[in-house]
Structure formats: structure tokens, C-alpha cells
Amino acid sequence: MSSTESIKDLLHSADEIEEHARKEIKPDITSETREQLRLSFFGRAQGSITNLTKKLGALEVEDRKVLGMRLNKLKALVDGLLNSTAGGAEQSSHIDTTLTGKEPEVGHLHPLTQFMRKVTGVFTAMGFEIVEGSEVETEEYNFDLLNVPATHPARDTQDTFWLKNGLLLRTHTSPMQVRAMKSRKPPVRLIVPGRVFRHEATDAGHETTFMQCEGLVIDSHVRVTDLIGTIRTLLQSIFGDVKIRMRPHFYPFVEPGLDVDMSCLICGGKGCSVCKQTGWLEMMGSGMVHPKVLKNMNIDPKKYTGFAFGLGIDRFMMLYYGVNDIRLSWSGDLRFLKQF
Amino acid sequence: MKLPLSWLKEFVSIKLSTEKLADALTLAGHEVEGVHAQGKGFDRMVIGKVVKIEPHPNADKLRLVTVLIGAHDEIKLVCGGTNIKEGMLVAVALSGAQVRWHGQGDLVELKETEIRGVKSAGMICSASEIGLGDQFPHEEREILDCSFTGIKPGTPLAKVFGSDELVLELDITPNRGDCMSVLGVAREVAAITKQKVKNYKSGVSAKVKDEVSVVVQDKKLCRLYFARVIKSVAISQSPGSVQNRLRAAGIRPINNIVDATNYVMLEIGQPLHAFDADKVNKIVVRRVKKAETIIALDDKTYELAENMLVITDGTAPIAIAGVMGGAHSGVTKSTKNIILESAVFDPISIRKTYRALNLRSESSIRFERGIDAAGTEKALDRVTQLILEWAGGNAGTATKVGQWKNSNGKVSVSAEKINEVLGIELKPREVVEILKRLGFGVTGTSTLVVTVPSWRHDVTLAEDIIEEVGRIHGYNNMNPTLLRGELRPGAIDPLWQIKEQARDAMQNMGWTECMTYSFYDEASVKEAGGEHLELENPLNPGQQFLRRSMLPRLLEVASKNARTELSVKLFEIGRVFHPGKNTLPNEPTMIAAVIIGKQNDIALYREAKGVLGKILQQIDVSMDIKNIISVLVEAKRAQYKIKQNAVVFEFVLPVAHEKSVARKKFHAYSEFPEIERDLSLIIDRAISWNKVQALIEKLSGGILKKIDVFDVYQGKEVAEGKVSLAFHLVFGSSERTLTSEEVSKVITDVVTQLQKHFNATVRE
């Protein structure tokens, strides 16, 4: 063994080995080749790295440190290269690996369920309760206690399925606002997910049945800006970095009433056919709970304020997944359901 | 509501671009749904004169028409209009024009084309194809007859029907009746942009002494009634600019008198009516007596119900108050003298009446939402002025019946409260300034006493004032905040959790969730059994009853799916409805599931039963499943057109669960090896598996860990009335390693005893 080889030469050898390794160890080598290569680097008798390691003993302490560190790096590198080749998964030669995998049998949750979970998840994280109301309601709870008088024009836009016994199918999840407050005292934060019904002929954009999620917050000093912030949190949690804007609107059960627009997901706000060239999508109705409604909840409007909102899960879901026909949700068609 | 921009500009100066104006209105609560250039829609459209009509060689319903579209320009085109005549003036769209095919869908650019083998250089349009359907209602396949214009061929259509007028399409919310006019919107624009509304002058000096005799018998439903006679008017068309403006606002021009009433209504929001004074001697406003009818201006006969408010001439109704005038007393071409009406009718009464008659009009919409009674007299003067200008004549003195004072009250609210609710920090003077811009009177410093203007019937509470400040300050100028307060975990309804667990469990086992309607038809009622809730107003028979079972709808969709899918495994979780007594119905939440597949019924049943067992385990419920799972019988499969075998189950998810979440418990597993044996037996079908299993368990002396049937066969290979069963037996102990001998002994016992008790043939 020659002890004349300088540290410089030895480091050069290491570089050569690395270069050799990078060139020879390709991802598609067979496992046989891989094992031969492994021997050529690490073999006890002839391995190039092994040989280099043997020379450590003859070096001065300082040089030994330098080469030692270099060799550690080299070993890790070559080892890594060898292990990353496909040969890792041994394959019997009689398997045609281009055969397709067997489709596992998986179940699917309805996209409305999946979307509702996103929404409820955002709210439960903010300390909201989940409660449910009944789908058949009284006129009193669906309209009167929400400050929608019998003659009010707003009843025009909420055409209703009536039952023969005088009850009705709830047109919104809002009746639960008043019902929930029978057994609660402020501070209250709750959401009411559920099915609602409208008396209208169905087409791609209209359904008799859809899913809504109501929200209600009552506390001392609840502000309009809290409402805006809460809704912004919801929309940004679900849709990412979207802009929102609030637009005054009229709903009898809130005052002030606000519609929420979100920057169009399709065109990013430039204007397209989905947003009717406005750059905005109308997402939900909201507002500060009307003092008359607070009174109907036995809450003193002088002490407490609150906000409420109602969002149509169907519309959200359709925008999110790009579904263009609201009726698909209720079709039970597996060609639809299996996509989610 | 359609609002021509130039009209708005007469009432308020607008410095914003149209786009910015639209945004500003939208963000103040008056959504601008669109801005349309009235004239732009008529690009590449001209008036044409039909010169010659020939049959189309290849189509019975089409004609080949030669049209003159200039002094000498003739074009040939294909037309299917049923009312086309030679000599008629028509609206011709040339290639490049934007039309709406049959008045439906999006605008389409017209191109020169061949129709059934014949070239067509353009299209003769119907009114709805060029956006004039509202003003010129027509039958299908009828083209717009422009002969009334008398204009020479080649004239651009924009000159006839439009201008470069920009029209704002506004969605006025039902609480803001005051914005149903140019003036109303101008007030809003003025408040938003810190401008002043321009006043117009009114005031009429009477030239004739005639006064209309007015009696108002019901002062509750008619608070205020003004009438005035105008003698010797000349009925004709209104000035072209007026007609265009009316059209732009979506109102069909009729004649100068009717147009004037509509014009003022659009302008200041006061509905007006003109009677033919020679057919009406006096005005009596009263409620309907029994069984009266009227032929209204739409030429339809209306049966009026008691308590509806009508205008009569002392005997018969001549108008449905605030809703529509009568045909007989209306202004016609031969009218010489007129009586004008400007009145205030009760909103609720108007609403009830037009709903009952299904007769919604521009007038009734405005009365229903509440008009500004302070403007009723002004409106009468204004319309008088316009009529004198457009139709000549001599005005009489106005008759006034009733009194008016601003019944909109005062509202007290502090600037502090306003800031607190909105979450902003305006100075009191800023609050006052905003309110004053909106026309409110404000006094006081710490507590503001706000006087509501006569046109704002919607403002009665402090919260209404807060909204006014909020929307004019701008909600989008506020900094969003997050909720403050104690952070408490959100409690989740136990039933909600159980539903979610059941959903997850079903999905994990490869089943797919669907949602079906909550109502079904009469046949489903019979199938589900029990008392059902019935709908009063279903839109179709499939909506007549509320479901008591989810299976009928589920089977319907499963059947449809079975046509395209090899196997169907569907479930639904939802409410069903059981009628309650004088109260809300009971609404249990059920889970229903159906499996359709090509396996035999036993295999399918066992799969469903396995799933059912797992679900019950997941939600930690034990129940007798005998009655909740069943193989679909032949007749039912036929009914739902299901060709393969099908198994269904359905049960009520427990409402109150003792443990809020089903909790799993760990059981220590044995470290000692287990011994497996398989057995198969042929046995009478009459002997149920649970008896076999009970016997085996009894004989195995506590070392049997698991018994698992893996094959069930009945058919050609076994004798009639017999079934072949094959199963695994797993033996084990948590204390020691079992010996092969002791297991073999158990097996021998089992074989012997099965033969003895059940006459079974057993093979190991």
C-alpha cells in the first residue's frame, strides 16, 4: 500500500467515484445490475468506496477527518441512488405490469353532504353549535315570528308548499332561529343545516328542494363588522383567496339586511357569463337580527344585538364543483354521485 | 325597473361614469342588474317595405319576400311570419345584427344564410326577437308590423324605436316603494354623490270652471283623492321623444293622454288615471257590493269580490281602484274631455285585490309598496301640464277629497349606538350629514331625533336609521372584525353526529349516498302504509304526500341506476313525516338502503345484512333487524322495473343517544395461536342457521371464537328442500395453546350431534 497518495488525490478519487455512480445508477436498471453495482462500490474485496475507506488509517488526523466526512457523504449518496431505483420492488416476470389496476369498490358521500361538512367545519371551529329544526313548520314560525306579515310582498318571493292541515314545508332554515332561542340565552352562536322547500317548477336553475345552512349569533355588542368578518372567514376558508362585498338588501327578519357577493370564481372578477358580466357572484343573504325578531326570541334588543345569515348549500356546491344543473343533486344518479 | 339615464339626469346631475353610477347604486342597496343601450340593440336593423311575396319552393310555411330597404335597394329574404302582407312596413335585421331567436335565449349574430335551399339576405323580425315583445305583444310567428310609423324604408330602426339612450335595469327591493320612480332614484343618487335633487315646477291655473263631483265613501282605503277635468283635448300620439322614453322604461305608448299619466307615474311614482269625461258624470269611491263585474282596460272581465275598492260613476264600477281602469270609461281616439285621477289607496287592500284578480299592474305595484302622498297633488298638476302641452285643452279646478299629513314619525337614536352596531367610528356630525343628505330631518346632539320624510314608509326604528347610515357610509368601507367573547366549544346535536357516523360507515363499506325528494305520490303512500301528511298545493302528483318511508323514491332511483351500473348500493339518510295531533308532525330521521346486483338473493341478503350489522355497531345501537331488512319480492321488482335481485333495509336512527358518541372499547387479544377448521353440511332448509350455530356453540365448550358462513347453496347439486352450508370455525383460548386433539374432539361432537339433531350430512 502506498502511503504517498496525498489527501488531494484521495478526494479526487472520491469525486470520480461519485461521477461514476451518478452515471451508472439509472432508475430503470434491473435489480441484478443494481446488486452488481452495489458490489462494485461497497463490496468487501473490490468495492471502490470500501477501498478508499481502507486508506483512512494511513492519514494524518486532520486529513482523516476531511476524507472521512467526504466518504460519509459519498456513501449516503450512492446508497440513496441505489435504493431509489425501481428494482426496489421485485417483480415476477410473469406479471404484465401494464395491466390496469383493479378498481377498488368505494362509496361516495353526496356532494351536498361533503360541502355541508366544509361549512359546518368552519363554523364549529369558531365555536358554533350545530342544531336542526323541523322540516314541516307552522306559518307562525316560518313567517310571522320572523317579521314577515301576511300581506308583505316578501311572501311573494317565497312561494310555499302548504299542507292540507295548514302547516307548511319550511321555506328557509330561519324558523329555527326563534325555536333555538327558546332553550338558550346569549351568548349564542349556532348554525342550522337542513333541507328547505320552495313551491316552484324545476329546471336547471330551480328546485323544489335544497339544502340551506342558517347561522345565528346573539351577544352583547355584536356588530355589523363581525358579520362581515365571519362571512369573509367562511368564504375564504372554502374558496380560497376571494374578495367579498356586502350589498344592502331587504329581508324582513333583519335590519340592516345585507347580501353577500363573492368575486367570480370563473373569471376572477373580469366578468363572464356565470357572473352575468358583473364579476361578482351572489352568495348569501344576511343581516343584523331585526329587533322584532329578537323580541320574539324573548331577547331584549336594548341589551343584545345579533346577526343571522342563510346560505344555499346547493349553489355553493355547484360553484365549487362546476355542476351546472341543480336537479342533479336530487336525481340519485350514480353517474353524478360517483364523481365526488 | 327600467330607468332611462337621461331622465335621471333631469333630476340630479351625475358626474360619475355610468359604470361607477351603477356600482354606487348597487352598493347602496339598489342593485343595477344591467345597463343597456336602448339603441345599440338596433344596430344593422332598418325599416323595410314588403314589395312582393312569393311561395318558398321547398317549404309550405315559409315565403320568399322582396323587401325595399332604401330608395332603390331591394333584398330577398325568407320569412315565416303569418301576418306578412305586401305593402307592410317591417323591421329588417341585416347580417351582423344581434337578434334573439324566437325571443328566447341569448342574442345571436345574424348571418346571410340559406333557408331550405334559398338564400336569405336578412330577417324580418318579430317584436320579441328585437327586444320589443313587452311593448308589442304578439302571437308566435307574427312579425312586427311597423306600418304605423309611416317611415320611409331604409330608416335605421334605432330612429324609430330607440335612441342612444342608456337604460339602467334596477332591482328595487319591496320595502323601497319610494324608489319606483325617476325622482326616487334621483334622491338616492343625490344622497350617495352629495348632490341636490333638481325640482321641477308645477302649478296649474284653471281655465274652465268645471269641477268633478267626488264622493269617497271609504276614507280608510282611500285617504286622498284628487280629480280634475280637462276639456277639449286632442287625442293623438305623444311626442316621439316621450314615446321612446316610455319604451325605454318598458311601457307601451298608447296616446298622448294615457302616455302622460304613465310618464308622470314613472317620473314621480304617483299612479294616475284618465277617464273619458263624457262617459263619467261623477266619481264615487266605494267598496264592491255583491257580485259586480268590470271589463278592464285589458278587455278581460273581472268578477269583483266584496270589499275590493272600486271607482264608480255612482252606479257601476268604472275602475278597480289603483289596479286598472275600466274599458268602457277609458280614453279612446274619440275622447274629447277627460277626468284625471290622482289618489292614495291603501297598500294592503290593493295587494289583496290584485292578488285575488291576478292582475298586477305598474299602478298596483306602486300602491302596494306605498306612495308618497305629499306628491299626489303635484302629480295631478304635472300631468295636467303635460296634457295641456301635448293635447291642448282647458283645465278645470282640482277637486280634493280627504286630508294628508306626514304619518311617518320621528325616530330617536344616538350616534354612539349607530357606531356601536355598525362597528365603525363616525363623528356625530358625519352621521347627521348622511341622514340629511337622505332627506331626514335631524335635531339633537347626543340623541338624534330623526324626522322621517314623507316618502320613506320603511323607516320606523332606530335599526332602520342605522341601516341608512351604514349603506350610505358604505359597508365595504368598514373593516371586517371577528367575533369577540368567550371561546366555547360548539356543541353538536347528538343526532347530527349519529347521522355523520352512519354516513361514513356506509361510505367506507362501498355504498353511495343519494338524496331524494321528501314527497311522493299516492301509490307510494299505499306501499309505505300508515297515515300521511298531504300537500295542499302540489305542482304534480309526485308531490302530493310527505314521505313516511324513503324506500319508494330510493327504489325508483336505484332502478334507473341499475340500467347503467353493474351493481347498485345506495343509501339515504333523511327525514320522514308522521302526522302529529294539532302539532308539528313527528319527523324521525331514517336511514334507507338498497342493493341491486347479479348475485343470488341469499348472497345479496347476506351482504346487506352484514352492512346493516356494521352500521348498528358503528352507531352503537342494538335492535331486532328481522323487520327492517328484506329481499324485494318479484311483484315489487316488477313494479319498479328492477330485473336483478334487490335487498333493502330501512330503520329510524335513534333520536336520543345515551352516549353522545358511540365509543369503542379495546379488548385484549389472545397471544396464543388459533386453530381453524372448515365444515360443510347439507341440511333441511326448514332448520334455520341460528339453531345450527347454537348447537355448535353449546358443544364447543367456550373455545369457539368465531363462526363464519362462507358458502350457502341450494339448487340442482343438493336434494330438493335441502341447503348446503359451508363455514369456518375458529378456536382459541386466551390462556393457553389449544391442542389439535381437543379441537378435533369438538368437531367430532359437532358432526355427530348435527347428524343426530338435524339429520344433517356433515363433511369436514
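It should be emphasised that the depicted structure is a prediction, and the values quoted were computed from it without experimental measurement.

Engineer: Before we move on, can you summarise the overall build of chain B with the specific residues and values?
Structural biologist: Helix and strand counts for chain B come out as 19 helices and 38 strands. Taking 2.2 N^0.38 as the reference for a compact globule, 764 residues should give roughly 27 Å; the C-alpha atoms of chain B span a radius of gyration of 40 Å, well beyond that estimate. With 764 residues in all, chain B has 52% of them scored as buried. Surface exposure of chain B reaches about 36,700 Å², of which carbon and sulfur atoms provide 49%. The averaged location of the 95 negative side-chain charges in chain B is 3 Å from the averaged location of its 100 positive side-chain charges.

Engineer: Outline the overall build of chain A, listing residues and values.
Structural biologist: If you tally the helices and strands in chain A, you get eleven helices and nine strands. For 340 residues, the compact-globule estimate of 2.2 N^0.38 gives 20 Å, and chain A exceeds it by more than 25% at 34 Å. Taken along the three principal axes of its C-alpha coordinates, chain A extends 105 × 50 × 40 Å. Within chain A, buried positions represent 55% of all 340 residues. Pairs at least 24 apart in sequence give 67% of the contacts found in chain A among residues at least 6 apart. Of the accessible surface of chain A, which amounts to about 15,700 Å², a share of 51% is contributed by carbon and sulfur atoms. Between the centroid of the 42 positive side chains of chain A and the centroid of its 42 negative side chains there is a distance of 4 Å.

Engineer: Describe the packing of helix α18 (residues 689-699) of chain B against helix α19 (residues 740-758) of chain B, listing the residues and the values that go with them.
Structural biologist: Residues and elements named next belong to chain B. At a closest axis distance of 9 Å, the pairing of α18 and α19 adopts a crossing angle of 140 degrees. Accordingly, the angle class assigned to the pair α18 and α19 is oblique. For α18 against α19, the interelement crossing comes out right-handed. Counted together, K691, V692, L695, I696 and L699 of α18 and V746, D749, V750, Q753, L754, H757 and F758 of α19 form the full contact between these two elements.

Engineer: Lay out the packing of helix α2 (residues 18-27) of chain B against helix α4 (residues 182-193) of chain B in plain terms, naming residues and giving numbers.
Structural biologist: Residues and elements named next belong to chain B. Where α2 contacts α4, the axes come no closer than 10 Å and their chain directions differ by 95 degrees. The angle between α2 and α4 falls in the class roughly perpendicular. Note on element contacts: α4 touches α2 through V185, V189 and I192, opposite L21, A24 and L25. Grouping the constituent residues of the contact of α2 with α4 by class yields six nonpolar, no polar and no charged.

Engineer: Describe the pairing of strand β32 (residues 589-597) of chain B, naming the residues involved and giving the relevant values.
Structural biologist: Residues and elements named next belong to chain B. The buried fraction of β32 is high, at nine of nine residues. In β32, alternate side chains face the same way, and those of T589, I591, A593, I595 and G597 on one face and M590, A592, V594 and I596 on the other are all buried. When strand β31 (residues 568-575) meets β32, the two strands line up antiparallel, connected through eight bridges. Within β32, the position partnered with E572 by the bridge is A592. One ladder, built from eight bridges, connects β32 with strand β34 (residues 645-652); its direction is antiparallel. By the bridge assignment for β34, M590 is matched with V652.

Engineer: I'd like a description of the sheet that holds strand β6 (residues 89-94) of chain B, backed by residues and values.
Structural biologist: Residue and element names in this part refer to chain B. If you trace the five strands from one edge of the open sheet to the other, you get β5-β4-β3-β6-β11, paired in antiparallel fashion. Sheet topology places β5 (74-79) and β11 (122-124) at the edges, where each strand pairs with a single neighbour. Shown here is a sheet whose adjacent strand axes are inclined to one another by a mean of 45 degrees, direction ignored. Pairing between β6 and β11: three bridges, direction antiparallel. Residue V92 lies in a different strand from β11, and its bridge partner there is I124.

Engineer: Give a description of a positive patch on the surface that names residues and reports values.
Structural biologist: Residues and elements named next belong to chain B. A cluster of basic residues, K560, R563, K641 and K643, forms a positive patch on the protein surface. Here R563 lies in the loop between α15 (551-562) and β31. Taking the relative accessible area as the measure of exposure, R563 reaches 64% and is therefore exposed.

Engineer: Please provide a residue-by-residue account of helix α8 (residues 362-369) of chain B, values included.
Structural biologist: Residue and element names in this part refer to chain B. The buried fraction of α8 amounts to seven of the eight residues, a majority that puts the element mostly inside the structure. Among all positions in α8, only S363, S364, I365, R366, F367, E368 and R369 are buried. In this structure, the buried side of α8 is in contact with α6 (256-268), β22 (338-345) and α7 (347-357). G370 occupies a position one or two residues after α8 and carries a positive phi of about 95 degrees.

Engineer: Tell me about the interface of chain A and chain B, and please be specific about residues and values.
Structural biologist: Contact residues are listed per partner, giving 88 residues for chain A and 86 residues for chain B. Here chain A packs against chain B, burying approximately 7,500 Å² in sum over the two surfaces, 56% of which is carbon and sulfur. At the boundary of chain A and chain B, one finds nine salt bridges. Between K499(B) and E132(A) there is a salt bridge, with the nearest N and O atoms lying 2.7 Å from each other. Counting across the chain A and chain B interface gives 37 residue pairs in polar contact (both at pLDDT 80 or more).

Engineer: Explain unusual backbone geometry to me, using residue names and the numbers behind them.
Structural biologist: Both trends apply: most residues other than glycine have a negative phi, and most peptide bonds are in trans. Residue P187(A) follows P186(A) across a cis peptide bond; omega there is 0 degrees. The topology assignment puts P187(A) in the loop between α7 (175-181) and β4 (188-197). Here the amide bond leading from E255(A) into P256(A) is cis, since omega sits at -5 degrees, within 30 degrees of zero. Here P256(A) is to be found in strand β7 (residues 254-263). With phi around 55 degrees, N358(B) is a residue other than glycine that occupies positive phi space.

Engineer: Talk me through the packing of aromatic side chains; I want residue IDs and the actual numbers.
Structural biologist: A complete count under the given rule lists 23 aromatic pairs over all chains for this structure. Here F115(A) and F239(A) contribute two aromatic rings whose centre-to-centre distance is 6.2 Å and whose plane-to-plane angle is 40 degrees, an arrangement assigned as tilted. On the criterion of sequence distance, the pair formed by F115(A) in helix α5 (residues 111-125) and F239(A) in helix α8 (residues 224-239) is long-range, its members being 124 residues apart. The exposure class assigned to F115(A) is buried, which follows from its relative accessible area of 0%. Accessibility expressed as a relative area gives 13% for F239(A), which makes it buried. An aromatic cluster is built from F115(A), F239(A), F316(A), Y320(A), Y321(A), F336(A) and F340(A), whose rings are joined through pairwise contacts. A cation sits over an aromatic face here: R179(A) above Y141(A), 3.7 Å from the ring centre. Sitting over the ring of W455(B), R187(B) keeps its end group 3.7 Å from the ring centre.

Engineer: Let's hear about the sheet that holds strand β1 (residues 129-130) of chain A: which residues, and what values?
Structural biologist: Residue and element names in this part refer to chain A. The mixed open sheet is built from seven strands, whose spatial order is β1-β4-β5-β9-β8-β7-β6. Taken across any chain shown, the strands that pair with only one partner, and hence form the sheet edges, are β1 and β6 (244-248). Where β1 meets β4, two bridges bridge the pair, whose relative direction is parallel. Bridged to I130 within β4 is I191.

Engineer: Can you lay out the environment of L67(A) for me, pointing to particular residues and giving the numbers?
Structural biologist: Residues and elements named next belong to chain A. Within the element layout of this structure, L67 appears in helix α4 (residues 61-83). Under the relative-accessibility criterion, L67 is labelled buried at 0%. Residues L67 and V131, 64 residues apart in the sequence, show an inter-C-alpha distance of 69 Å. Not counting chain neighbours up to four residues away, the residues in contact with L67 comprise I7, L10, L11, L52, L56 and L59.

Engineer: I'd like to hear about the state of the cysteines, residue by residue, with values.
Structural biologist: As used in these notes, a disulfide is a covalent bond between sulfur atoms, one from each of two cysteines. Counting across every chain of the model gives zero disulfides over all chains. Cysteine C146(B) shares no disulfide, and the gap to the nearest cysteine sulfur, in C125(B), comes to 9.0 Å.

Engineer: Got a sec to walk through the confidence of the model for chain A? Specific residues and values, please.
Structural biologist: Averaged over every residue, the pLDDT of chain A is 88; residues scoring 70 or more account for 94%. Looking at the elements of chain A, mean pLDDT is at its lowest for helix α2 (residues 31-42) of chain A, recorded as 86, and at its highest for helix α9 (residues 291-296) of chain A, recorded as 96.

Engineer: Explain the environment of R315(A) residue by residue, including any values.
Structural biologist: Residue and element names in this part refer to chain A. Among the secondary structure elements, R315 is positioned in helix α10 (residues 313-321). Each C-alpha atom, one on R315 and one on D259, is 15 Å from the other, the two residues being 56 residues apart in sequence. Only 2.7 Å separates the side chain of R315 from the backbone oxygen of E282, close enough to count as a polar contact.

Analysis parameters
- Residues numbered from 1 in each chain as written.
- Chains lettered and ligands numbered in written order.
- Predicted model: local features only at pLDDT ≥ 70, side-chain atom pairs only at ≥ 80, totals over all residues.
- Heavy atoms only, no water.
- Helix = DSSP H or I, 4+ residues; strand = E, 2+ residues; numbered from the N terminus.
- Rg over C-alpha atoms; globule rule 2.2 N^0.38 Å.
- Buried < 20%, exposed > 50% of the residue type's maximum accessible area, 1.4 Å probe, protein only.
- Areas by Shrake-Rupley, 256 points an atom, 1.4 Å probe, with all protein chains shown as cover.
- Lys, Arg positive; Asp, Glu negative; His and termini not counted.
- Charge placed at Lys NZ, Arg CZ, Asp CG, Glu CD.
- Contact = heavy atoms within 4.5 Å.
- Axes fitted to C-alpha atoms, helices over the stretch in contact; angles between N-to-C directions.
- Parallel < 35°, antiparallel > 145°, perpendicular 65-115°, else oblique.
- Left-handed = near helix turned anticlockwise from the far one by under 90°.
- Nonpolar A, V, L, I, M, F, W, Y, C, P; charged D, E, K, R; others polar.
- Pairing = 2+ DSSP bridges.
- Patch = residues over 30% accessible without salt bridge, like charges linked within 9 Å, V, L, I, M, F, W, Y side chains within 5 Å.
- Salt bridge = Lys/Arg side-chain N within 4 Å of Asp/Glu carboxyl O.
- Buried area = accessible area lost by both parts, 1.4 Å probe.
- Polar contact = N/O pair within 3.5 Å; in protein donor to acceptor, adjacent residues only side chain to side chain.
- Phe/Tyr/Trp six-rings, centres within 6.5 Å; stacked < 30°, edge-to-face > 60°.
- Lys NZ or Arg CZ within 6 Å of the ring centre and 35° of its normal.
- Disulfide = S-S within 2.5 Å.
- pLDDT = per-residue confidence, 0-100.

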